[in-house]
Structure formats: C-alpha cells, structure tokens
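# Summary of the model geometry
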Amino acid sequence: MNFAESISNYVLGNLTTKDLPNIGLIALSENIESESLYILAGMSEKDNSFEILQYFDSSLTELNIQLPSKTEASKVLAKYYLNQIIQNPNSAFEIMARLDTYVYGRIAFQDTNRKYFGEELKIEHLYTWYREI
C-alpha cells in the first residue's frame, strides 16, 4: 500500500496508532518529507502512543495534509483492492473478502434508498458475483 492508501486504512480503523511509524516510513519512501515525519518514521510500536500520535498529527500539519473522511477513505481502499483483484485474478475471492471486511464493513452507509448492496462504492456487481460464488 502507498501512503494515501495507508492513511485511508488508518482512518477506517484497520490500523492503530502503533502502525503510524510504518506509515511514516512509507511516506519517506515516496519522497514525502517533513521534520516530524522523520521523527515519526524513526519511532517504533513500543514508543508511547501519545507521542506517536503527536508526531503524526504534526507531520500532517507540516505537510498540509488533512485526513480523508471515512467515505473518501473507503473509495481509496476500494480502488486499491480492485486493482489487487485485477493483478491477482486467482485470488479474487480472497481479495474481495478483504474489501468486504476492511472497507465496506467499516462504513455505515446511511442511504436507505439503495437498491443493491455495495451501490455506494459502485461495486454492487462485485457483490452479486461474490455472493454467487
């Protein structure tokens, strides 16, 4: 996963504060740099969670990055998993299960007028296929 996908994974609750140093390393590998990001990337999961979160928040401020909403994060991760399905067609069912668990299952879509499951992310046809298998 790249930086944006990792941030989205964090926003949806699939990653915890202890995973933020790894997100910092991913950012540095993509040439995204800030003073707080260097410190964050040098931290480990054994460091104080409050300090990890403080450096994460500071790095976002320094980089002028805002965390995506849960809906935006779900779209980013849905795209990631759909690309994974294309690249690994033999694992499509397992990847779809991850998409269902780590993306769709993390969002409480409020649209009661939907006709099909998955419609909010435009993946309703995938859910039809997924259930039939």
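Residues numbered from 1 in each chain as written. Predicted model: local features only at pLDDT ≥ 70, side-chain atom pairs only at ≥ 80, totals over all residues. Heavy atoms only, no water.

### Some points on helix 6 (residues 92-102)
Within an α-helix, residues lying three or four positions from one another point in the same direction, as the helix has 3.6 residues per turn. This is how the line gets drawn: Using a 1.4 Å probe on the protein chains alone, a residue whose accessible area is under 20% of its type maximum counts as buried, one over 50% counts as exposed, and one in between counts as partly exposed. For helices the rule is a DSSP run of H or I covering at least 4 residues; for strands it is a run of E covering at least 2, with both sets numbered from the N terminus onward. As used here, the arc is the angular range of directions from the helix axis to the C-beta atoms.
Inspection of helix 6 places Ala-92, Ile-95, Met-96 and Leu-99 among the buried residues, and these make up the whole buried set. Down the axis of helix 6, the buried side of the element spans an arc of 100°, and every buried residue falls inside it.

### Re the packing of helix 2 (residues 20-29) against helix 3 (residues 35-42)
Definition in use: To get an axis, fit a line to the C-alpha atoms, keeping to the stretch in contact for a helix; angles then go from 0 to 180 degrees between the N-to-C directions. Relative orientations are named as follows: roughly parallel for angles under 35 degrees, roughly antiparallel for angles over 145 degrees, roughly perpendicular for angles from 65 to 115 degrees, and oblique for any other angle. Working rule for handedness: look at the near helix, and if it is turned counterclockwise from the far one by less than a right angle, call the crossing left-handed; if clockwise, right-handed. Any two residues having at least one pair of non-hydrogen atoms within 4.5 Å are treated as being in contact.
Running from amino to carboxyl end, helix 2 crosses helix 3 at an angle of 125°, the nearest separation of the two axes being 7 Å. The pairing of helix 2 with helix 3 is recorded here as oblique in orientation. For helix 2 against helix 3, the interelement crossing comes out left-handed. Contacts between helix 2 and helix 3 involve Leu-20, Pro-21, Gly-24, Leu-25, Ala-27 and Leu-28 on the former and, on the latter, Leu-37, Tyr-38, Leu-40 and Ala-41.

### Digging into the confidence of the model for the protein
Quick note on the threshold: By definition, pLDDT measures how confident the predictor is in each residue, and it falls between 0 and 100.
Mean pLDDT over the protein: 86, with 80% of residues reaching 70 or higher. The element-level mean pLDDT for the protein is lowest in helix 7 (residues 124-132), coming to 59, with helix 2 highest at 97.

### A look at the environment of Asp-100
By the element assignment, Asp-100 lies in helix 6. On the basis of relative accessible area, Asp-100 is assigned to the partly exposed category, the value being 22%. C-alpha of Asp-100 to C-alpha of Tyr-81: the two residues are 19 residues apart in sequence and 9.8 Å apart in space.

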